[in-house]
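Each chain is listed here by its residues.
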Amino acid sequence: MASSLPTTMKAAVLDKAGPPEAFQLKSVPVPPLTRGHVVIALDYASVGIWDVKQRTGEWGVVKPGTILGADGSGIVVAVAPNVTRLRVGERVYSYSYESGFYAEYISVAADRVERVPDQLNQQIAGAMPCVALTAHSGVQALKMTPGQTLLVFGATGGVGSFAVWLAAHESDVKVIGTARADAFDYLRALGGEPATDSSEGFDAVLATANGETLPPLVSRAKTRAAVAYPNGVEPEPKFDGHPSVPFDGKMTRGAFESLNKAIGDRTIPLRVEEFPFDDIVDAHRRIDRGHVEGKIVLRIR
Ligand SMILES: NC(=O)c1ccc[n+]([C@@H]2O[C@H](COP(=O)([O-])OP(=O)(O)OC[C@H]3O[C@@H](n4cnc5c(N)ncnc54)[C@H](OP(=O)(O)O)[C@@H]3O)[C@@H](O)[C@H]2O)c1
């Protein structure tokens, strides 16, 4: 079932790897609806550091006509006949590594799409799918029990924000986080406390980055406390005597359902920097400068 779709759309297209200025806004065909898929009219697309790695060619050759963007939010405008779970008009968010969210429309496998919890707006919903699913996978992998203490290293970035918030609110875990001093208020709003020189006795560590201040903190964790990190963190945070728990953000239907259950009816104090779609170059210049608290999004419409 489909509402009437245009034949062309605006998309941010890369014809080769390069700096932010490599993006060109172009008119391209709206992707066709295929079996098992839905077409979403996007409201927001998230801008992630994985997009930067693709843009610069770090993850391989950029083919002409590439449209980046792995997650976002929008409204379902077409549903393949064999998809019964989603309907035209529903407010959804989606994460799919097939890419293509830097565009007005995307055709995406229905299993990579979930309804947005009623209390969350489209901006937050568009910012969160990849980082929230990744943080949820990491917190679940650590199998912590209420009252334990988790150290989140890099606690105010994308994955870190959700790791802090989910651990504190869903798992009832005490969260200590590392952040720049000007982000301490944000860290507290998420449910964490800044790490200090006397912080110790962590039951587990979740590292969203690696740097020279991580080893001294891990040395103050409990014996055999696990160190979890999303694949992509470099160098891999490995420590003698501490089990490594590398993880990926699960993007299955079950993972989305589990995330929505964890969120429940809560709102999320995620910090979001918004850029109009036409300012895609500025959005990528911003992420290149680093130190983003929370997430960057493109407002597609
Ligand atoms: N495998 C997966 O499924 C998956 C999915 C998503 C992300 N990832 C990976 O997960 C990692 C985090 O992603 P993200 O989107 O959360 O990135 P992000 O928003 O850039 O967050 C990284 C955080 O780490 C901090 N940080 C960076 N370098 C640091 C250092 N040397 N010392 C202390 N803190 C440091 C940053 O703080 P500052 O503000 O001070 O810079 C920031 O808070 C990336 O490596 C990404 O590729 C993997």
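Computed from a predicted model, the values in this text were never measured in an experiment.

Draft legend 1. Representation of the site of the ligand. Near the ligand there are 24 residues, and of these Val159, Asn231, Asp248, Gly249 and His291 occur at the shortest range. With respect to the ligand, the backbone of Gly157 contributes an N or O atom lying 3.1 Å from an oxygen atom. Protein coverage of the free-state accessible area of the ligand, which is 930 Å², stands at 77%. Within the residue set of the shell around the ligand, elements represented by two or more residues are α1 (49-55), α3 (129-142) and α4 (158-169). Composition of the shell around the ligand by domain shows at least three residues from each of domain 1 (8-128 + 270-299) and domain 2 (131-247).

Draft legend 2. Structural view of the pattern of salt bridges. Taken as a whole, this structure holds 16 salt bridges when the rule is applied. A salt bridge links Lys10 to Asp278; the shortest N-O distance between them is 2.7 Å. Of this pair, Lys10 sits in strand β1 (residues 8-14) while Asp278 sits in the loop between β15 (272-276) and α8 (280-289), placing them 268 residues apart in sequence. Judged by relative accessible area, Lys10 falls into the partly exposed class, the value being 27%.

Draft legend 3. Quick look at the domain arrangement of the protein. If you check the domain split of the protein, you get domain 1 (8-128 + 270-299) and domain 2 (131-247). Computed over C-alpha atoms only, the centres of domain 1 and domain 2 are separated by 28 Å. With 12 residues of domain 1 in contact, the opposing surface of domain 2 contributes 13 residues. Taking both partners together, domain 1 and domain 2 bury about 1000 Å²; carbon and sulfur atoms supply 60% of that area. Where domain 1 packs against domain 2, one counts 0 salt bridges. The class makeup of the residues in the side of domain 1 that touches domain 2 is 6 nonpolar, 2 polar and 4 charged.

Draft legend 4. Focus on the sheet that holds strand β2 (residues 24-29). The 3 strands lie next to each other as β2-β1-β4, forming an open sheet whose pairing is antiparallel. Each end of this open sheet is capped by a strand with a single partner; those strands are β2 and β4 (66-67). Pairing between β1 and β4: 2 bridges, direction antiparallel. Bridged to Val13 within β4 is Ile67.

Conventions adopted
Residues numbered from 1 in each chain as written. Predicted model: local features only at pLDDT ≥ 70, side-chain atom pairs only at ≥ 80, totals over all residues. Heavy atoms only, no water. Near = heavy atom within 4 Å. Polar contact = N/O pair within 3.5 Å; in protein donor to acceptor, adjacent residues only side chain to side chain. Areas by Shrake-Rupley, 256 points an atom, 1.4 Å probe, with all protein chains shown as cover. Helix = DSSP H or I, 4+ residues; strand = E, 2+ residues; numbered from the N terminus. Domains from an automatic or database assignment. Salt bridge = Lys/Arg side-chain N within 4 Å of Asp/Glu carboxyl O. Buried < 20%, exposed > 50% of the residue type's maximum accessible area, 1.4 Å probe, protein only. Contact = heavy atoms within 4.5 Å. Buried area = accessible area lost by both parts, 1.4 Å probe. Nonpolar A, V, L, I, M, F, W, Y, C, P; charged D, E, K, R; others polar. Pairing = 2+ DSSP bridges.

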